[in-house]
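# A structural walkthrough
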There are 2 protein chains.
Amino acid sequence: MSRYLTPTLAGLSPYTPGEQPQDQQYIKLNTNESPYPPSPAVTAAVNAAEVEKLRLYSDPACARLLKAAAEYHGLTPDEIMPGNGSDENLFFALRAFCDEAHPLACADVTYGCYSVWCNLMHIPSHIIPLEEDFSIDPARYHGLNKTIVIANPNAPTGLALSPSAIEGILQANPDNVVIVDEAYVDFGAGSCVPLIHRYKNLLVVQTFSKSRQLAGARLGLAMGDAELIADLNRVKFSLNPYNINRLTLLAGEASLRDKGYFEATRQKIMDTRAWTAKELEKRGFALTDSRANFLFARTDRMEGGALYRALKEKGILVRHFDSPRIAEYLRITIGTPEQMEALVRALDELLEG
Amino acid sequence: MSRYLTPTLAGLSPYTPGEQPQDQQYIKLNTNESPYPPSPAVTAAVNAAEVEKLRLYSDPACARLLKAAAEYHGLTPDEIMPGNGSDENLFFALRAFCDEAHPLACADVTYGCYSVWCNLMHIPSHIIPLEEDFSIDPARYHGLNKTIVIANPNAPTGLALSPSAIEGILQANPDNVVIVDEAYVDFGAGSCVPLIHRYKNLLVVQTFSKSRQLAGARLGLAMGDAELIADLNRVKFSLNPYNINRLTLLAGEASLRDKGYFEATRQKIMDTRAWTAKELEKRGFALTDSRANFLFARTDRMEGGALYRALKEKGILVRHFDSPRIAEYLRITIGTPEQMEALVRALDELLEG
C-alpha cells in the first residue's frame, strides 16, 4: 500500500478469484465455467468484420442486446441493464440502493463479493446465518428494513429457494430492494424474472458466464422495474458509460437467440451433475441438493483442504474455501462426463483403503 | 429515480457520451475514434478459436497483456494496470487517492468525467481555470496539497503541456498523486511515462481507443510506481476482479506488438490534422494548437451550436459542448483525408456569402 492511498481504503479485503492457471493443463473444475464452447451462433457473430469495427465505440445504450434480452425474458428493454459481468451489475445495485446509513442484509455463507463490496463502499452488512443444513429460512428475511441480496441458488452451497419463498420476502420488505442473484438459476432452480411486473422492489441479476458459456466475455444482466433500472443507469453513466465492449454485446445477443443450444447444454450439465452426485454418494460423500453447475461435497475420509491439494497434484482443480462452516467441503464444477469420470477415478485412488 | 435510490446519489449528474447513432450513415467526427481499422495483427489474434475459449474466464492478472505493455513502455508488469477503458483506470485512481476529505484538483475546461466521478464519490473538486487562451499555467498547480488530474493534451482544447512542465508540478506536490491522462498523447505531445521511475507520485493513464483503433474493445492502461499500481489493484480486486474480457486482452497485446501499424496510422492522423487546420484557417476559423486527434475550432460566422446542427443535417457529426467558455467551439475528430475534404466542402456551403 502506498502512502498516497486514501485512509478510508486501508482496511480493504479484496476478493480472491479462483485460480486461473494460464500455463498448465488441469481438469479445471474450480471456477464454475462451462465445459462446452459458446453457441456456434456466437462464433459466427464475433467475426473478422466485427473485429475491424472495434475502432468504433460500443453502443452505450446496448440497444440490440437489450432487444434480444427483452424478447427472451418477456420484459421491455428499459427493464434490463447489461453489466461488465454480473459482478458489475451487483456492484452498481449496491452503490444505488445502499450506503453508510443503508445496510445490506445477506447470508453468512454466500458469494464472497457481497462483503467485499460492502467493505469498499463502507456499507454496513447485516449477516443472517444459514440454518445448520445450509438452507435459508425465508422468515429470517421478513421485515428487515434493509436492502437484501440472496444468491439463488446460493453459492457455494447450490441450495435454492422457491420463487414463492422469495415472493414472501418481497412482500415483507416493500420499502427495500431485494436483489436475487441468479447466476446459477438455469441449472434447475426457479427464476424470479416472472415476478418483476408484480414487485417494484425486485431486482434479478443473471450472468452469461455459466449457462451461456461466456465467462471470458464478461456479461451480466440486471432486470427489474424500469425505475430501478434507471437508477442503475444513473450509476453506470456516472462511472463507465461504455462499460460493455462491442464483441461482448454481439456474443450476448447471439447467445440469447440460440435457445436450442442453451437448452441442450444446460440439460447436459444437469445430467452430468446427477451422475456425479450418485457416484460421490456411493463413495460416502455428503452432498447438498445442488441446483447449480457445481456440487458441494465433503467426506469424512479426508479434510477439505487436504483433498483439494491432493486433487490438484493429480491435475484436477476444484475450489476449497478456508472459511468457517465450510472448510470441510469442496465446490466441484460440473465438467464433461469424461472429466467427471476422471474426478471419480482420482477420488478412488486418493481415498482407497 | 425510484424511491429506493440512496439519497446520497440524488444529486448525480451522469456523463453524456457523444451521440452513437446505430442506424444511420454519418461522417462520424464526434467521438475521437480512429478512421482506420485496428492492426491486421488484432484481427488475426481475435479469431474463431479464441471466441470458442470464451467459456473460460479471462486471466484476472492480465499477465500476457502486461508483459507486452511492459516491453513497449520500458516498465515492469507490476508498474501497469489495465482497465475496462481508461475511464475505469481513472475511476479506480480517484477511488484510491481521493475521498470526502481528499479533494481532486482539475481544470475548469477538461474531460467531463472527472467532475462526474467526484460527484459520484462525493470527492470535493478544486477547479483551476484555464488561462484566457485555454492554456494551463503550471504554476497554478504548485503546492496544492491535493490529488491532481491533468489531461495532456487537454480535452477538448487539444493543448499540451511539456513533460518538463509536468515534472515541475510533480516536484511541487511530492505528497500527492498527479494523474496525467494521456488519452491523446500519441498525436504529437510528449509522454510522461519516462518520468515514472523518477517520481513515485506520478500516475500516467493511456487508452487504446484513439491511437490504437480499439475504442469498441474498451482498454486502457494506468502506469506508475509499483506501489501506486498495487493500490489500484486493491480497488480492482474489491470491485470487479475479471474486469477485462479475453478478446480485449488479446486485441491489446496484438496492437502493442505491431509498432509499424501504430506509427503509420498516428502519422496519417497528424498529417490530416495539419491539412484540415490549414483549410479551416484559410476560412477564418480560430483554432487551438491541437496535439490530439481532433481540432477545436470556432468561427465568427456561425455560433457553435447552430453550426453543429447544420453540419448534422448535412450528415456530418461533430461534438459541441454547451458549456461556459467553449460554447462557440466545435470539437472535430480527424477522420480520413476524404472525410475532412467533405467537412470542408460542407462548411463552405454553410458559411458561403
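Going by the annotation in an unreviewed UniProt entry, the name recorded for chain A is Histidinol-phosphate aminotransferase, with Candidatus Faecalibacterium intestinavium given as the source organism. According to its UniProt record, chain A has this under Catalytic activity (unreviewed entry): "L-histidinol phosphate + 2-oxoglutarate = 3-(imidazol-4-yl)-2-oxopropyl phosphate + L-glutamate". Regarding chain A, the relevant UniProt record gives this comment under Pathway (unreviewed entry): "Amino-acid biosynthesis; L-histidine biosynthesis; L-histidine from 5-phospho-alpha-D-ribose 1-diphosphate: step 7/9."

## Side note on the interface of chain B and chain A
Often the size quoted for an interface is simply the accessible area lost on bringing the parts together. Chain B puts 82 residues into the contact, and the matching count from chain A is 82 residues. If you sort the residues of chain B by the area they bury against chain A, Tyr-4, Arg-55 and Tyr-57 of chain B come out on top, with a joint share of 12%. Inspection of the chain B/chain A interface yields two salt bridges. A salt bridge links Asp-175 of chain A to Arg-3 of chain B; its shortest N-O distance comes to 3.1 Å. Seen at the junction of chain B and chain A, the total is 44 residue pairs in polar contact (both at pLDDT 80 or more). Contributions of two or more residues to the side of chain B that touches chain A are made by helix H1 (40-45), helix H2 (48-52), helix H4 (86-97), helix H5 (113-121), helix H7 (226-239) and helix H8 (246-257) of chain B. Considering every element that reaches the side of chain B that touches chain A, the biggest residue donor is H7 of chain B, with eight residues. Partitioned by chemical class, the residues of the side of chain B that touches chain A number 42 nonpolar, 23 polar and 17 charged.

## Some details on the pairing of strand E12 (residues 330-333) of chain A
The side chains of a regular strand alternate, residue by residue, between the two faces of the sheet. Residue and element names in this part refer to chain A. Residues Leu-330 and Ile-332 line one face of E12 and the alternating positions Arg-331 and Thr-333 line the opposite face, and both faces are buried. Judged from the four bridges that link them, strand E10 (residues 294-298) and E12 form a sheet pairing that is antiparallel. What sits directly across from Leu-295, in E12, is Ile-332.

## Some thoughts on the relation of the copies chain B and chain A
Superposition of chain B onto chain A requires a rotation of 180 degrees combined with a translation of 0.0 Å along the rotation axis, giving an RMSD of 0.0 Å. The transformation relating the two chain copies, once decomposed into turn and shift, fits a two-fold axis. Relative to the rotation axis, the C-alpha of Asn-47 of chain B is the closest in chain B, positioned 3.7 Å from it.

## Some details on the layout of surface pockets
Where empty space is left can be seen by rolling a probe of water-molecule size over the atoms. All names here are of chain B. In this structure, the largest pocket spans a volume of roughly 1,000 Å³. Every residue lining the largest pocket is counted, 49 residues in all, and those nearest its centre are Tyr-15, Tyr-111, Gly-112, Arg-319 and Phe-321. Of all the secondary structure elements, the ones that give two or more residues to the lining of the largest pocket are H4, strand E3 (104-107) and H5. Broken down by class, the residue content of the lining of the largest pocket amounts to 24 nonpolar, 15 polar and 10 charged.

## Things to note about the packing of helix H4 (residues 86-97) of chain A against helix H5 (residues 113-121) of chain A
All names here are of chain A. Look at H4 against H5: their axes get within 11 Å of each other, and the N-to-C directions meet at 45 degrees. Between H4 and H5, the interaxial angle falls into the category oblique. Read as a crossing pair, H4 and H5 show a hand that is right-handed. Of the residues in H5, those touching H4 at Asp-87, Leu-90, Phe-91, Leu-94 and Arg-95 are Tyr-114, Trp-117, Cys-118, Leu-120 and Met-121. Taken together, the residues of the contact of H4 with H5 sort by class into eight nonpolar, no polar and two charged.

## A word on the side chain of Ser-209 of chain A
Along the chain, Ser-209 of chain A falls in the loop between strand E7 (202-207) and strand E8 (220-224). What makes Ser-209 of chain A buried here is its relative accessible area of 2%.

## Describing the state of the cysteines
Overall, the coordinates contain zero disulfides over all chains when judged by the stated rule. You can see Cys-62 of chain A has no disulfide; the closest cysteine sulfur is in Cys-113 of chain B, sitting 16 Å from it. Residue class for Cys-62 of chain A comes out buried when judged on its relative accessible area of 2%. Of all cysteine sulfurs, the one in Cys-118 of chain A lies closest to Cys-113 of chain A, which takes part in no disulfide; the gap is 11 Å. Overall, the relative accessible area of 1% leaves Cys-113 of chain A in the buried class.

## Points about unusual backbone geometry
The linkage connecting Asn-152 of chain B with the following residue, Pro-153 of chain B, adopts the cis geometry, with an omega of -5 degrees. Along the chain, the position of Pro-153 of chain B falls in the loop between strand E5 (147-151) and helix H6 (163-171). In this chain, Ala-155 of chain B is followed by Pro-156 of chain B through a cis amide linkage whose omega measures 0 degrees. With respect to the secondary-structure elements, Pro-156 of chain B resides in the loop between E5 and H6. Residue Asn-32 of chain A is not a glycine yet carries a positive backbone phi of 60 degrees. By secondary structure assignment, the location of Asn-32 of chain A is in the loop between strand E1 (27-28) and helix H1 (40-45). Positive phi, normally seen in glycine, also occurs at Arg-218 of chain A, with a value near 60 degrees. By secondary structure assignment, the location of Arg-218 of chain A is in the loop between E7 and E8.

Rules used throughout
- Residues numbered from 1 in each chain as written.
- Chains lettered and ligands numbered in written order.
- Predicted model: local features only at pLDDT ≥ 70, side-chain atom pairs only at ≥ 80, totals over all residues.
- Heavy atoms only, no water.
- UniProt positions renumbered as here; feature names shortened; annotations may be inferred.
- Contact = heavy atoms within 4.5 Å.
- Buried area = accessible area lost by both parts, 1.4 Å probe.
- Salt bridge = Lys/Arg side-chain N within 4 Å of Asp/Glu carboxyl O.
- Polar contact = N/O pair within 3.5 Å; in protein donor to acceptor, adjacent residues only side chain to side chain.
- Helix = DSSP H or I, 4+ residues; strand = E, 2+ residues; numbered from the N terminus.
- Nonpolar A, V, L, I, M, F, W, Y, C, P; charged D, E, K, R; others polar.
- Buried < 20%, exposed > 50% of the residue type's maximum accessible area, 1.4 Å probe, protein only.
- Pairing = 2+ DSSP bridges.
- Least-squares fit on C-alpha atoms with pLDDT ≥ 70 in both.
- 1 Å grid on protein atoms, 1.4 Å probe; cavity = no way out; pocket = protein on both sides within 12 Å on 5 of 7 lines; lining within 4 Å.
- Points joined across faces, edges and corners; volume = space filled by probe spheres on them.
- Axes fitted to C-alpha atoms, helices over the stretch in contact; angles between N-to-C directions.
- Parallel < 35°, antiparallel > 145°, perpendicular 65-115°, else oblique.
- Left-handed = near helix turned anticlockwise from the far one by under 90°.
- Disulfide = S-S within 2.5 Å.

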